[in-house]
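Chains, contacts and geometry: an overview
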Amino acid sequence: MELKLKMPKGRAARSPVQDEPLPAMLEPREWKVFLGFAASIIVCLALAVIVPFVSDYTWYQSFNLMLLPLMGMGVYGYVVHSRWILLAIASAATVIAIVFLPWGTVETILVVFGFEGAAVAADMIQRLVFFRILRTIEFVNGRDRSSPLELLALYLFDIPKGLDTRRIDMEEGIRRKGVPVREIANRILLALFFCMFIWMFMFADQNYSEFTSGSVDAVFIAMGYIAVAVLSLSAFETLDVRIETDHGGFRLYDGLMGTMSRIIIPLALATVLLAIVLWKDPFVLVSIAMSIVVMLAMVVIASELYYGYLESTTVKAIQRARREFMPSGICSSLGGDVPSLSDAPPGTPRRDPSTCFDPVQVRKN
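Predicted model only: the values in this text are computed from it and were never measured.

**Concerning the overall build of the chain**
- Looking only at helices and strands, one finds 12 helices and 5 strands in the chain.
- A burial count over the chain gives 47% of its 365 residues as buried.
- Once local pairs closer than 6 in sequence are excluded, the contacts in the chain between residues at least 24 apart make up 82%.
- Split by element, the accessible area of the chain, about 18,800 Å² in all, is 66% carbon and sulfur.

**Some details on helix H1 (residues 28-54)**
- Along its 27 residues, H1 runs 38 Å from first to last C-alpha, staying within 8% of the 39 Å computed at 1.5 Å per residue.
- Along its length, H1 reaches its greatest deviation from straightness, about 25 degrees, at alanine 48, and the proline proline 52 lies no more than four positions downstream.
- Among the residues making up H1, those that are buried are Glu30, Phe34, Phe37, Cys44 and Ala48.
- Where the residues of H1 are buried, they touch helix H2 (59-63), helix H3 (67-80), helix H5 (105-138) and helix H8 (215-231).

**Focus on the packing of aromatic side chains**
- What the rule picks out here adds up to 13 aromatic pairs.
- Note on phenylalanine 157 and phenylalanine 236: the rings are 5.8 Å apart at their centroids and 45 degrees apart in plane angle, and the pair reads as tilted. With a gap of 79 residues between them, phenylalanine 157 in the loop between helix H6 (148-156) and strand E2 (168-169) and phenylalanine 236 in helix H9 (residues 234-238) connect regions that are remote in the sequence. Accessibility assignment for this pair places phenylalanine 157 and phenylalanine 236 in one class, buried.
- An aromatic cluster is present here, built from Trp59, Tyr60, Phe63, Phe201, Tyr208 and Phe283 joined pairwise through their rings.
- Positioned over the ring face of tyrosine 309 is arginine 83, at 4.6 Å from the centre of the ring.

**Considering a nonpolar patch on the surface**
- Nonpolar side chains collect at one region of the surface, where Val95, Ile96, Ile98, Val99, Phe100, Leu101 and Trp103 lie side by side and expose about 790 Å² of accessible area between them.
- Its location among the elements puts valine 95 in helix H4 (residues 84-100).

**Overview of the pairing of strand E3 (residues 242-245)**
- Relative to E3, E2 is paired through 2 bridges, and the arrangement is antiparallel. Each bridged residue has a counterpart across the sheet, and for isoleucine 168 the counterpart in E3 is isoleucine 243.
- Pairing between E3 and strand E4 (residues 248-251): 4 bridges, direction antiparallel. Its bridge partner lying in E4, threonine 245 is registered against glycine 248.
- Hairpin geometry of E3 and E4 is characterised by an intervening segment of 2 residues between the two adjacent antiparallel strands.

What counts and how
- Residues numbered from 1 in each chain as written.
- Predicted model: local features only at pLDDT ≥ 70, side-chain atom pairs only at ≥ 80, totals over all residues.
- Heavy atoms only, no water.
- Helix = DSSP H or I, 4+ residues; strand = E, 2+ residues; numbered from the N terminus.
- Buried < 20%, exposed > 50% of the residue type's maximum accessible area, 1.4 Å probe, protein only.
- Contact = heavy atoms within 4.5 Å.
- Areas by Shrake-Rupley, 256 points an atom, 1.4 Å probe, with all protein chains shown as cover.
- Expected span 1.5 Å × (residues − 1).
- Bend = angle between axes of the 7 residues up to and from the residue.
- Phe/Tyr/Trp six-rings, centres within 6.5 Å; stacked < 30°, edge-to-face > 60°.
- Lys NZ or Arg CZ within 6 Å of the ring centre and 35° of its normal.
- Patch = residues over 30% accessible without salt bridge, like charges linked within 9 Å, V, L, I, M, F, W, Y side chains within 5 Å.
- Salt bridge = Lys/Arg side-chain N within 4 Å of Asp/Glu carboxyl O.
- Pairing = 2+ DSSP bridges.

Any link to function would need more than the numbers given here.
Okay, structure coming up:
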């Protein structure tokens, strides 16, 4: 007996699962907070671009407005977790800095609100995108043509062509034994990737110098958003999300790190060449050194906050939603024997085979 799997053809042949609603990973209150965070970023970024054209402020000074969304998320984090004493201390430190240390206000806010804000924002973004990424990856190799988003997923996660991406699996839970040093190291490596773009901009901008108001503060604020970006995909490593194969599993986070590792080397060379060609002020190197220190502090401390009191809740929410969104083992491989659905223990949730492929056509030899 020979089994043939008829795969959907083209973009028009969508599986019913692709049109099903995704799990609601954010509570209504969290949705409102997240939408406010996203809207504030858009508004502050627009003002940062417009203000220099209508005033004497430099672009770097106006970019300091981007500190407000992170500060807002930090306040929300303190309030929602009832950390009133820390909120009072942070608020007092901010007022003191504004009144007595205006030159250190940005740094003070980054310390007292930025770490908390980066962890909370990354946690929300992660819960928002986790299953969206899984759904994109699940169907990326099952059709003749792929959408731009699917092609981006193929590239970023370095998914080999021909791999049966429907066989997605992950760990049921996590057990922490101390600080996850390896995971934090991976976050730092990803952060260095994003830092390269900031550093190239610093070399390319002829106005960047120690005499440009707000230049260093703008770079420090950018490090805060880099911390948010690198923490937003941490659940893929924590839960060991992988595509099962007959010879093991392809870990998605390892694929992401592999892609970044290949890009970061030529990117570093480009940064060095740009520095040689456009060298103008040793202050740029001093700023880069300071930005590395700030980046390390942001990533490490925000990671500790996330692992300390956010990760457990997020992982449980992902696992709870997974039982609804991915109720049974994702479809069997295209090669080899195809196990019968009746082999599963009684009460095992079933997934409609039509969500994976068209009904199996049986042809006798």
